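# Fold and geometry: a report
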Amino acid sequence: MSQLALQQVAVSYGGFPAAVDVSFSLEQGQIGCLLGPSGCGKTTLLRAIAGFEPIVAGSITLRGQTISRPGAQLPPERRKVGMVFQDFALFPHLDVQRNIAFGLDAMNRSARAQRVREMLALVELDAYAGAYPHELSGGQQQRVALARALAPNPEILLLDEPFSSLDSELREQLAAEVRGLLKRNGVTAILVTHDQHEAFAMADQIALLRQGHVMQLDTPYNLYHNPHSEFVAEFIGQGNIITVTVNEAGVLNDGLGTLDKGHRHWRAGASLRLLVRPDDIEYDEHSSLRLPVVSKSFRGAHYFYELALPDGQRVPCLTPSHVGINPGQQLPVRFNLQHVVLFDDSRCELVNPTA
Ligand code: ATP
């Protein structure tokens, strides 16, 4: 039995479809993520799971119990759901232990004190039990918010952009730490974010949304390496999608290289859309393919180059930072086409390998 299951869920605001035909499930201890650009419906779905938004189609079940269906829903306070908000929403006039104890009214005094001690140990803030939120760093406040949400032992934890008020370096590190903590304790959770690095650092499974629709439900690895559409390819990771032509043998125009045919058959002159990630183009001083540098930026260990193809399309390339070719000069490169992602010219579907 899934811990959480959404089946063909739809949510509307006055007839405007904010979420459409959304299905996914999480097993006990799995971490899911709703990822996508602003306005794609992430918060709407999180609110529907928490019970703040009614659904107009489908169903939501928590440990097999239907908690939402059209026309009927369990109120938020009766769902065993914990929430961590963007701004942490800690009570400024309560110290850490009283913040954590906030949702534990139903427990007697000693059980409550015991639970607070457990939660403080869990988030490694034992030494801060008597501190007030303003005396804590952003990362520590975040851990208090997590402890408060976990204290009542929810069946699922919902995290609404929980790292967005922290600076970007801290975010990824904290996302990985929070993942470790949730995994060690077998907590099932859903994260909402528009930041793919956070999503990658935390989630087992990501639903990438666009205009209320799930575009791809997959592991972080597959979203990056096997995007099913150009939208996913462009949203996830860095890269450009270029149009190329191919002959029957898989040879690309302009000496860009030869595709690994596998079971594929190309029609001579067929036009393909090719996803080029920076790591798909390698610096090779012996290569006869030399592309003019349009721009160059220093990234510490690497230079990030934008290169121009003969027809004017642009491609990205990373080189070790000792390769210092300037804009206007030519960089010798080789396309690494072994794991390349191709789309057909309808610009929306993956090329079917057996077509
Ligand atoms: P963001 O990343 O900007 O928070 P989001 O992906 O969480 O965006 P939602 O807040 O779920 O997006 O909104 C989805 C769509 O529903 C948007 O078009 C938004 O304008 C609309 N919407 C959200 N809340 C309401 C509301 N209360 N009434 C009417 N429309 C709403």
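Since the model is a prediction, treat every value here as computed from it, not as a measurement.

Reading guide: rules and limits
- Residues numbered from 1 in each chain as written.
- Predicted model: local features only at pLDDT ≥ 70, side-chain atom pairs only at ≥ 80, totals over all residues.
- Heavy atoms only, no water.
- Helix = DSSP H or I, 4+ residues; strand = E, 2+ residues; numbered from the N terminus.
- Buried < 20%, exposed > 50% of the residue type's maximum accessible area, 1.4 Å probe, protein only.
- Contact = heavy atoms within 4.5 Å.
- Near = heavy atom within 4 Å.
- Polar contact = N/O pair within 3.5 Å; in protein donor to acceptor, adjacent residues only side chain to side chain.
- Areas by Shrake-Rupley, 256 points an atom, 1.4 Å probe, with all protein chains shown as cover.
- Pairing = 2+ DSSP bridges.
- Axes fitted to C-alpha atoms, helices over the stretch in contact; angles between N-to-C directions.
- 1 Å grid on protein atoms, 1.4 Å probe; cavity = no way out; pocket = protein on both sides within 12 Å on 5 of 7 lines; lining within 4 Å.
- Points joined across faces, edges and corners; volume = space filled by probe spheres on them.
- Nonpolar A, V, L, I, M, F, W, Y, C, P; charged D, E, K, R; others polar.
- Salt bridge = Lys/Arg side-chain N within 4 Å of Asp/Glu carboxyl O.
- Phe/Tyr/Trp six-rings, centres within 6.5 Å; stacked < 30°, edge-to-face > 60°.
- Lys NZ or Arg CZ within 6 Å of the ring centre and 35° of its normal.
- Parallel < 35°, antiparallel > 145°, perpendicular 65-115°, else oblique.
- Left-handed = near helix turned anticlockwise from the far one by under 90°.

## Observations regarding the overall build of the protein chain
Looking only at helices and strands, one finds eight helices and 19 strands in the protein chain. Dimensions of the protein chain, computed from the C-alpha atoms along their principal axes, are close to 75 × 50 × 35 Å. In the protein chain, which comprises 355 residues, the share counted as buried stands at 48%. Looking at the protein chain alone, contacts between residues at least 24 apart form 64% of all its contacts between residues at least 6 apart.

## Describing the site of the ligand
Close to the ligand lie Y13, F16, A18, P37, S38, G39, C40, G41, K42, T43 and T44, which account for all nearby residues. A distance of 3.0 Å separates an oxygen atom of the ligand from a polar backbone atom of G41. Take T43: an N or O atom from its side chain is 2.5 Å from an oxygen atom of the ligand. When isolated, the ligand has an accessible area of 640 Å², and the protein chains bury 56% of it. At the level of elements, strand 2 (16–26) and helix 1 (42–50) are the ones that each hand at least two residues to the shell around the ligand. Broken down by element, the shell around the ligand gets its largest block of residues, three residues, from helix 1.

## Notes on the sheet that holds strand 1 (residues 4–13)
Sheet architecture is open: five strands sit in the order 2-1-4-5-6, paired in antiparallel fashion. Among the strands making up the open sheet, the edge pair consists of strand 2 and strand 6 (72–73). Relative to strand 2, strand 1 is paired through seven bridges, and the arrangement is antiparallel. Considered in strand 2, the bridge of V11 is made with A19. Lying on the sheet, helix 1 is in contact with strand 1, strand 2, strand 4 (57–62) and strand 5 (65–69); it crosses strand 1 at an angle near 115°.

## Here we look at empty space enclosed by the protein
Applying the stated criterion across every chain yields a total of one cavity of 30 Å³ or more. In terms of lining, the largest cavity is formed by F24, L26, G32, C33, L34, I190, Q205, I206, A207 and L217. Elements supplying a minimum of two residues to the lining of the largest cavity: strand 2, strand 3 (31–35) and strand 10 (205–210). By residue class, the composition of the lining of the largest cavity is eight nonpolar, two polar and no charged.

## Some remarks on the pattern of salt bridges
According to the stated counting rule, one finds 11 salt bridges in the structure shown. Notably, a salt bridge pairs E155 with R63, separated by 3.9 Å at the nearest N-O pair. Here E155 is found in the loop between helix 4 (138–150) and strand 8 (156–160), whereas its partner R63 is found in the loop between strand 4 and strand 5, with 92 residues between them in sequence. When its relative accessible area of 23% is taken as the criterion, E155 is described as partly exposed. What makes R63 partly exposed here is its relative accessible area of 40%. Several salt bridges converge on common partners, so that one network encompasses R179, K183 and D204.

## Comments concerning the packing of aromatic side chains
A full pass over the atoms with the stated rule returns four aromatic pairs. Relative to F235, the ring of F231 has its centre 6.1 Å away and its plane inclined at 20°; by these criteria the two rings are stacked. Taken together, the positions of F231 and F235, both in helix 8 (residues 230–235) and four residues apart, correspond to about one turn of that helix. On the basis of relative accessibility, which here comes to 17%, the residue F231 falls in the buried class. Feature note: the residues F298, Y303 and Y305 constitute an aromatic cluster, connected by ring pairs. Just above the ring of Y224 sits the side chain of R277; from NZ or CZ to the centre is 4.1 Å.

## Details of the sheet that holds strand 11 (residues 213–218)
Pairing in this open sheet of six strands is mixed, and the strands run 7-8-9-3-10-11 from one edge to the other. Two strands in the sheet have a free side with no partner beyond their single neighbour: strand 7 (81–84) and strand 11. Across the sheet, the mean angle from the axis of one strand to that of its neighbour is 20°, orientation sign disregarded. Packing against the sheet, helix 1 makes contact with strand 3, strand 7, strand 8, strand 9 (189–193) and strand 10, and its axis sits at approximately 150° to strand 8. Each of strand 3, strand 8 and strand 9 is contacted by helix 5 (residues 168–184), which is oriented at about 140° to strand 3, the strand it contacts most.

## A look at the packing of helix 4 against helix 5
At their nearest, the axes of helix 4 and helix 5 sit 12 Å apart, and the two run at 30° to each other. The pairing of helix 4 with helix 5 is recorded here as roughly parallel in orientation. Judged by the twist between their axes, the crossing of helix 4 over helix 5 is right-handed. Where helix 4 abuts helix 5, its residues G139, Q142, L146 and L150 lie against L170, L174, V178, L181 and L182. Residues belonging to the contact of helix 4 with helix 5 are distributed by class as follows: seven nonpolar, two polar and no charged.

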